[in-house]
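Coordinate analysis (summary)
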Amino acid sequence: MNADEMKRMGLATRAVHAGQQPDPSTGAVMTPIYQTSTYAQAAPGDHKGHEYGRVSNPTRTALEGNLAGLEGGEHGICFASGVAATDAIARCLRPGDHILASNDLYGGTYRLFRQVFGPFGITSDFVDMSDVETVEAALRPETKLLWIETPTNPLVRVVDIRALTDLARSRGIASVVDNTFATPVLQRPLEQGADLVVHSTTKYLGGHSDVIGGVVCTDSDEWAGKLRFLVKSAGAVPGPMDCFLTLRGTKTLDVRMQRHCENAQAIAEFLEADARVAHVYYPGLPSFAGHELAKRQMDGFGGMVSFLLTDDSMPAANRVLSSTQVFTLAESLGGVESLMNHPATMTHASIPADERRAAGLHDALIRLSVGIESKDDLIRDLDQALSQ
Ligand SMILES: *Cc1c(COP(=O)(O)O)cnc(C)c1O
């Protein structure tokens, strides 16, 4: 199948086949792990497309084609982690440039922009992106990058990708969507005007909590050229084994996401109806502020659910966080297993407390990454933990 035929296939078909073909040397149906750092040349410069493992590797190339195919983009460029992918994009800025980002976002993105790029003269601001006017008012003449995360982390707020990418384009600003929470199964930002899509493939794309990785997808040859140059020159590349594991994960992405969504919806409804719970954050609840926008922009509501207890105190939250049996208390998300997280002390501890609270992130907020287990077991587990 050529690339144009592949583009016309459904997402579940692309998940299994995009970027892959039987191995040309042996016919192996699954892309082998090419555990090699270098490649033989018949004469100087006469090689079969690969010269040195930092620049490219066939297992990585297959994964890049697969991820680009899933996002509906021309290019996929893989990195050693999600933050390495973010880092590569930010390295394309210059001293004096400004990044405008969402104020409810992955804590490591905040730390990278402020503490790593700040000292190099790249400034950043963080605003509530659910209101386009707030975003417009915060743009500066030197703003070069609009960093969008939706649904946001951990409050799962839904922001209007089309409205924000239109605004960015009208000002000549590049727009990026961190699509880690939604995955291309639920939303494809390139179709909604984004210049770049970033993933931590560590999460849903890998899907089994056994590998760290990142990717940038884009239709722009210019951006792809800059990022490939950084892959070669700065070298934050994933190893072939990690690429193989991620590629194994993406094949089942479509079916996994269906179950993540189904389980998360059932849990959000259970929590919302429970008197021990004061508030549930989940885009699939009709009571949720971003519900209508999520219905328009997404093909499902995702596997992430956050909630606040009626007793909004740290000791009460701690009791729930330490008494589940199926949910594991751990950072990260997007794996087949259900995880529970306390953002204020775990994933979002790198954001100063006053900024966290200003963004509406309560100290006692609990975040769930709902896995693909039997939903009755998950609900029973939460029910007993809430009784502690
Ligand atoms: C985990 C995560 C990242 C960072 O990815 P790593 O693979 O951990 O480096 C970036 N964005 C979001 C939304 C994430 O959840």
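The preceding data block contains the structure.
A brief look at the structure comes next.

Procedures and definitions
- Throughout this description, residue numbers start from 1 for each chain and increase along the sequence as written.
- Side-chain atom pairs in this predicted model are given and counted only at pLDDT of 80 or more, local residue features only at pLDDT of at least 70, and totals for whole chains, interfaces and linings cover all residues.
- Heavy atoms from the whole structure form the basis of all side-chain values; hydrogens and water molecules are not counted.
- Put simply, a nonpolar core is a bunch of buried Ala, Val, Leu, Ile, Met, Phe, Trp, Tyr and Cys residues held in one set by side-chain atoms that sit within 4.5 Å of each other.
- When accessible area is computed with a 1.4 Å probe and restricted to protein chains, residues below 20% of their type maximum are described as buried, those above 50% as exposed, and intermediate ones as partly exposed.
- Every helix listed is a DSSP run of H or I at least four residues long, and every strand listed is a run of E at least two residues long, numbered separately from the N terminus.
- Each domain's limits were defined by an automated method or a database of domain assignments.
- Contact between two residues is taken to exist if any of their heavy atoms lie within 4.5 Å; hydrogens are not considered.
- A fitted line through C-alpha atoms serves as each axis, taken over the contacting stretch for helices, and the angle formed by two N-to-C directions is quoted from 0 to 180°.
- Here is the rule for angles: anything less than 35 degrees is roughly parallel, anything more than 145 is roughly antiparallel, 65 through 115 is roughly perpendicular, and the remaining ranges are oblique.
- The hand of a helix crossing depends on one turn: near helix anticlockwise from the far one by less than a right angle means left-handed, and clockwise means right-handed.
- When residue character is reported, Ala, Val, Leu, Ile, Met, Phe, Trp, Tyr, Cys and Pro are called nonpolar, Asp, Glu, Lys and Arg charged, and the others, Gly included, polar.
- We count a salt bridge whenever a side-chain nitrogen from Lys or Arg sits within 4 Å of a carboxyl oxygen from Asp or Glu.

Details of the nonpolar core
- Counting 64 residues, the largest nonpolar core has Ile267, Leu271, Val280, Val305, Phe307, Ile366 and Leu368 as the members making the most contacts within it.
- In terms of residue count, helix H11 (residues 253–272) provides more of this core than any other element does, nine residues in total.
- Each of two domains, domain 1 (10–250) and domain 2 (253–386), supplies a minimum of three residues to this core.
- The contact partners of isoleucine 267, leaving out residues within four places of it in the chain, are Phe327, Leu368, Val370, Leu378, Ile379 and Leu382.
- Ranked by size, the runner-up nonpolar core spans 31 residues in total, among them Ala84, Ala90, Leu105 and Leu196.

Some words on the packing of helix H4 (residues 82–90) against helix H5 (residues 107–117)
- At a minimum axis distance of 10 Å, the contact between H4 and H5 shows a crossing angle of 45°. Here H5 runs oblique to H4, going by the angle between their axes. Crossing of H4 against H5: the hand is right-handed. Here H4 contributes Val83, Thr86, Asp87 and Ala90 to the contact with H5, which in turn contributes Thr109, Leu112, Phe113 and Phe117.
- Looking at the contact of H4 with H5 residue by residue, the classes come out as five nonpolar, two polar and one charged.

Side note on the pattern of salt bridges
- Per the counting criterion, the structure on display carries 19 salt bridges.
- The salt bridge involving glutamate 74 is made with lysine 7; its shortest N-O contact spans 2.7 Å. With a gap of 67 residues between them, glutamate 74 in the loop between helix H3 (58–71) and strand E1 (75–79) and lysine 7 in helix H1 (residues 3–7) connect regions that are remote in the sequence.
- Each member of the salt-bridge network shares a partner with another, and the members are Asp125, Arg140 and Glu142.

What to know about the packing of H11 against helix H15 (residues 375–386)
- Running from N to C, H11 and H15 point in directions that differ by 30°, and their axes come no closer than 10 Å. By the angle between their axes, H11 is roughly parallel relative to H15. In this structure, H11 crosses over H15, and the sense of that crossing is right-handed. On H15, the residues touching Glu262, Asn263, Ala266, Ile267, Phe270 and Leu271 of H11 are Lys375, Leu378, Ile379, Leu382, Asp383 and Leu386.
- A breakdown of the residues in the contact of H11 with H15 according to their chemical character gives eight nonpolar, one polar and three charged.

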